[in-house]
Amino acid sequence: MSNYHIKSLEEYFQVYRKSIREPENFWEEIAEEHFLWRKKWNKVLSWDFSKPEVKWFEGAKLNITENCIDRHLATRGEKTAIIFEPNNPEASAEHITYNQLHERVCRMANVLKNEGVEKGDRVCIYLPMIPELAIALLACARIGAIHSVVFAGFSATALSTRINDSDCKIVITSDGSYRGSKTIDLKGIVDEAMENCPGVKKVLVVKRINSDIQMNDGRDAWLQPLLDGASTECLAEVMNAEDHLFILYTSGSTGKPKGMVHSTAGYMVYSAYTFKNVFQYRENDVYWCTADIGWITGHSYIVYGPLANGATTLMFEGVPHHPDFGRFWDIVDKHKVNQFYTAPTAIRALAKQGAEIVEKYDLSSLKVLGTVGEPINEEAWHWYNENIGKKKSPIVDTWWQTETGGIMITPIPFVTPTKPTYATLPFIGIQPSLMDESGNELKGNQVEGRLCIKFPWPSMARTIWGNHQRYKDTYFSTFENNYFTGDGALRDEVGYYRITGRVDDVIIVSGHNLGTAPIEDAINEHPAVAESAIVGFPHDVKGSALYGFVTLNDAGETRVHDNLRKEINQIISERIGAIAKLDKIQFTNGLPKTRSGKIMRRILRKIAEKDTSNLGDTSTLLNPECVQDIIDNAL
Ligand code: WTA
């Protein structure tokens, strides 16, 4: 029997050792016992990081939707697969059973087939967080088409770049989307994008907001009548293990976005196995990840991972502050959510509103809390732990990337003792390494370096769409025989990992390497501070010095700025050392963020360097309006 569900620390260590010593035997057992295959593999793994080429379960045949849907029908047909919570809190939630999901995915798959979509074709999905989004992913997978989801907050230019990069034939969108009290004209954005996308032959439109939109004759079609006319049965295409399942774009540090390509079998096995363990999911639990399916977190941990385990997964269409800042907690209370997975930026925004609003709701159903996407600062961690988890629900700080497909370093709740700001231990099968700048592996504990992974894992991206050389250059050329994550990390005295941030954010001050995350962490502990970001700027003596952009909370707004500057530097001195003190502290009304909530340091770096003539592409910012204000008040 394989150890599919880890239940103790002892078991974790034992299984981890096995997964490292005999990776092929280990993954073979997991794959064999917990998934449905049309044909078994001839070889579990072949790999060569110098090419790079990685293949898992070669020779196997399967369809991921048979694993996510069909195989559950006999035992879980009437179980809820997806709970859809709409933007409008007054509107009732929709419960989609596995039987209904099967029917709806088959219908959508047949519509795609009728439109001429074939195995291997690329389908662009540009939809809000409505059930059709999850269904569209699965429908593509059903017929072997490769989905490329573009987050519905991206602009027309960003959308057309992505559509053209992977030659999508067809786009699935909606007339519009709801976002709190506003609506967004998605179809208008698609129309604008289409001016630059001659390869797109068809745009299928979901009716969501009933807006009055232009339908382009011959190109555009309403989806619902086509679904109504389609059969509820669609045989699953038999896929090879390494056939591409999807493309998902991620921004590179330079140049155009990278279309990360994920394949079928390895991705399925790893996303499902991590889901089960990282969230300790048990039958009848209600699981909620607040991410958008437009990001990897939504692909792996709203759709594929949960459904492959026959779970109930909640999709939320709205935003955390509509109708007020209690919405998340209202949803947890209403649907008795057991596992809640979100981003630190959301936690900080909600913490800023105070704990009173949380107290209105019954959060006693919660068992496990998760975070993802950026380092979580200590203050936010404690707020989450105390006010949401009531110190009873372990927090899993999960480190991973679009490129890794699944969670890589994480506590296992109730198994791994947590430690604020630490992602703790590698997941089963993951072999991290820390490298110094000359490419030597740093062995032992209490070391800090560049985070790499030295052995393949099943869900790693296989290439960048149309540019294998860039894949090799970006990830496999910095450190020989290692996948380079672009992140820095430290390993503490017991072997726990703490992610210190992107290595491009490491600033060398007077010859000392300083990670921005721990400094921001220290600043954020100040009671008047809501959020902060540190960048480097050129300095005569030190080489680089530190510039802090700090947003104050209500408590801070009435304070004298010079006093606050002293206090902030005092905290930094106490937590890290005088070397990490900031040379400049600018108080800001907000920090420029990407739509996934990451602070755009690139822009802040330019402002700190007084080089604002060309700020590069700011079209993906959530709040572009704050940039001019920061420039005007720069120090
Ligand atoms: C960062 C999101 C610290 C990291 C799944 C990584 C994190 C990048 C964490 C990937 C975490 C993600 N702690 N940093 N728990 N999780 N990151 O591709 O820098 O959107 O390289 O994938 O986010 O972001 P991506």
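Because the structure is a prediction, the values reported are computed rather than measured.

Q: Help me understand the site of the ligand in this model?
A: Residues in contact with the ligand amount to 16 residues; listed here are only the nearest, D397, T398, Q401, T402 and D487. Here E374 contributes a backbone N or O atom positioned 3.4 Å from a nitrogen atom of the ligand. Within the contact set of the ligand, an oxygen atom lies 2.5 Å away from a side-chain nitrogen or oxygen of D487. Looking at the shell around the ligand, the elements that each hand over two or more residues are α11 (296-308), β20 (395-398) and β25 (497-502). Tallied by class, residues from the shell around the ligand come to six nonpolar, five polar and five charged.

Q: Looking at this structure, how should I read the packing of aromatic side chains?
A: Any two aromatic rings considered together are summarised by their centre-to-centre distance and by the angle between their planes. Following the criterion strictly, the structure yields 44 aromatic pairs and no others. Measuring from centroid to centroid gives 5.0 Å for F246 and Y267, while their planes differ by 80°, and the two rings are edge-to-face. Of this pair, F246 sits in strand β14 (residues 244-250) while Y267 sits in helix α10 (residues 265-278), placing them 21 residues apart in sequence. Accessibility classification places F246 together with Y267 in one group, the buried group. A ring pair is formed by Y301 and Y341, whose centres lie 6.3 Å apart and whose planes are at 80°; its orientation type is edge-to-face. Here Y301 is found in helix α11, whereas its partner Y341 is found in strand β18 (residues 339-342), with 40 residues between them in sequence. Grouping residues by exposure puts Y301 and Y341 together as buried. An aromatic cluster is built from Y4, F26, W27, W37, W41, W56, F57, Y270, Y273 and F427, whose rings are joined through pairwise contacts.

Q: Before we go on, may I ask you to explain unusual backbone geometry in this structure?
A: In terms of backbone geometry, most residues other than glycine have negative phi values and most peptide bonds are trans. In this chain, K51 is followed by P52 through a cis amide linkage whose omega measures -20°. Topologically, P52 is positioned in the loop between β1 (43-48) and β2 (53-58). Each neighbour pair has its own omega, and for H322 with P323 the value is 0°, a cis peptide bond. Structurally, the position occupied by P323 is in the loop between β17 (312-316) and α12 (327-335).

Q: What should I look at first to understand the packing of helix α20 (residues 601-608) against helix α21 (residues 625-632) in this one?
A: When two helices pack together, their arrangement is captured by the angle between the axes and the distance separating the axes. Two elements in contact, α20 and α21, have axes whose closest approach is 10 Å; the angle formed by their N-to-C orientations is 20°. Considering their axes alone, α20 and α21 lie roughly parallel with respect to each other. Once α20 is placed against α21, the crossing between them reads as right-handed. Contact residues: α20 offers I603, L604 and I607, while α21 offers V627, I630 and I631. Of the residues contributing to the contact of α20 with α21, the split by class is six nonpolar, no polar and no charged.

Q: Where do I start with the side chain of N524 in this structure?
A: Within the element layout of this structure, N524 appears in helix α17 (residues 516-524). Filtering out sequence-adjacent residues up to four positions away, N524 remains in contact with N377, E379, V529, E531 and S532.

Q: How do you make sense of the domain arrangement of the protein chain when you look at a structure like this?
A: Where interface size is quoted, it is often the accessible area lost as the parts come together. Taken domain by domain, the protein chain consists of domain 1 (9-319 + 398-472) and domain 2 (506-632). Relative to domain 2, the C-alpha centre of domain 1 lies at a distance of 34 Å. With seven residues of domain 1 at the interface, the matching set in domain 2 holds six residues. Taken together, both faces of the contact between domain 1 and domain 2 bury some 550 Å²; the carbon and sulfur share is 58%. Linking domain 1 to domain 2 there are zero salt bridges.

Q: Please clarify how the packing of helix α2 (residues 23-34) against α10 should be interpreted in this entry.
A: Viewed as axis vectors pointing N to C, α2 and α10 meet at an angle of 85°, and their least axial separation amounts to 11 Å. By the angle class used here, α2 and α10 are roughly perpendicular. From α2, F26, W27, I30 and A31 reach across to α10, where they touch V269, Y270 and Y273. Each residue belonging to the contact of α2 with α10 can be placed in one class, and the counts come to seven nonpolar, no polar and no charged.

Q: For this particular structure, what's the right way to read helix α1 (residues 9-21)?
A: Because an α-helix completes one turn every 3.6 residues, residues spaced three or four positions apart along the sequence face the same direction. For α1, with 13 residues, the first-to-last C-alpha span of 18 Å sits near the 18 Å given by 1.5 Å per residue. By the burial criterion, the buried members of α1 are E11, Y12, V15, Y16 and S19. Buried residues of α1, seen end-on, are gathered within an arc of 130° and therefore sit on one face of the element. In α1, the exposed positions that point more than 90 degrees away from the buried face belong to E10 and R21.

Q: It is not clear to me how the sheet that holds strand β22 (residues 447-453) should be interpreted in this structure. Could you clarify?
A: The strands making up a sheet are joined through hydrogen bonds of the backbone, oriented either antiparallel or parallel. Taken in spatial order, the four strands make up an open sheet running β21-β22-β24-β25, and their pairing is antiparallel. What marks the edges here is a single partner per strand, and that holds for β21 (432-435) and β25. Taken over all neighbouring pairs, the strand axes of this sheet differ in orientation by 45° on average, direction set aside. Where β22 lies against strand β24 (residues 483-491), six bridges are found, and the strand directions are antiparallel. Note that in β24 the partner of I453 across the bridge is Y483.

Q: In this structure, what is going on with the nonpolar core? I would like to understand it.
A: Counting 126 residues, the largest nonpolar core has W37 and F57 as the members making the most contacts within it. If one sorts the elements of this core by residue count, helix α6 (residues 131-143) sits on top with ten residues. Among all residues touching F57, those that are not within four sequence positions of it are W27, A31, W37, W41, K43, V44, A241, A265, G266 and V269. W288, I347, L363 and I395 belong to the second largest nonpolar core, which has 28 residues in total.

Cut-off values and rules
- Residues numbered from 1 in each chain as written.
- Predicted model: local features only at pLDDT ≥ 70, side-chain atom pairs only at ≥ 80, totals over all residues.
- Heavy atoms only, no water.
- Near = heavy atom within 4 Å.
- Polar contact = N/O pair within 3.5 Å; in protein donor to acceptor, adjacent residues only side chain to side chain.
- Helix = DSSP H or I, 4+ residues; strand = E, 2+ residues; numbered from the N terminus.
- Nonpolar A, V, L, I, M, F, W, Y, C, P; charged D, E, K, R; others polar.
- Phe/Tyr/Trp six-rings, centres within 6.5 Å; stacked < 30°, edge-to-face > 60°.
- Buried < 20%, exposed > 50% of the residue type's maximum accessible area, 1.4 Å probe, protein only.
- Axes fitted to C-alpha atoms, helices over the stretch in contact; angles between N-to-C directions.
- Parallel < 35°, antiparallel > 145°, perpendicular 65-115°, else oblique.
- Left-handed = near helix turned anticlockwise from the far one by under 90°.
- Contact = heavy atoms within 4.5 Å.
- Domains from an automatic or database assignment.
- Buried area = accessible area lost by both parts, 1.4 Å probe.
- Salt bridge = Lys/Arg side-chain N within 4 Å of Asp/Glu carboxyl O.
- Expected span 1.5 Å × (residues − 1).
- Arc of directions from axis to C-beta.
- Pairing = 2+ DSSP bridges.
- Core = buried A, V, L, I, M, F, W, Y, C linked by side-chain atoms within 4.5 Å.

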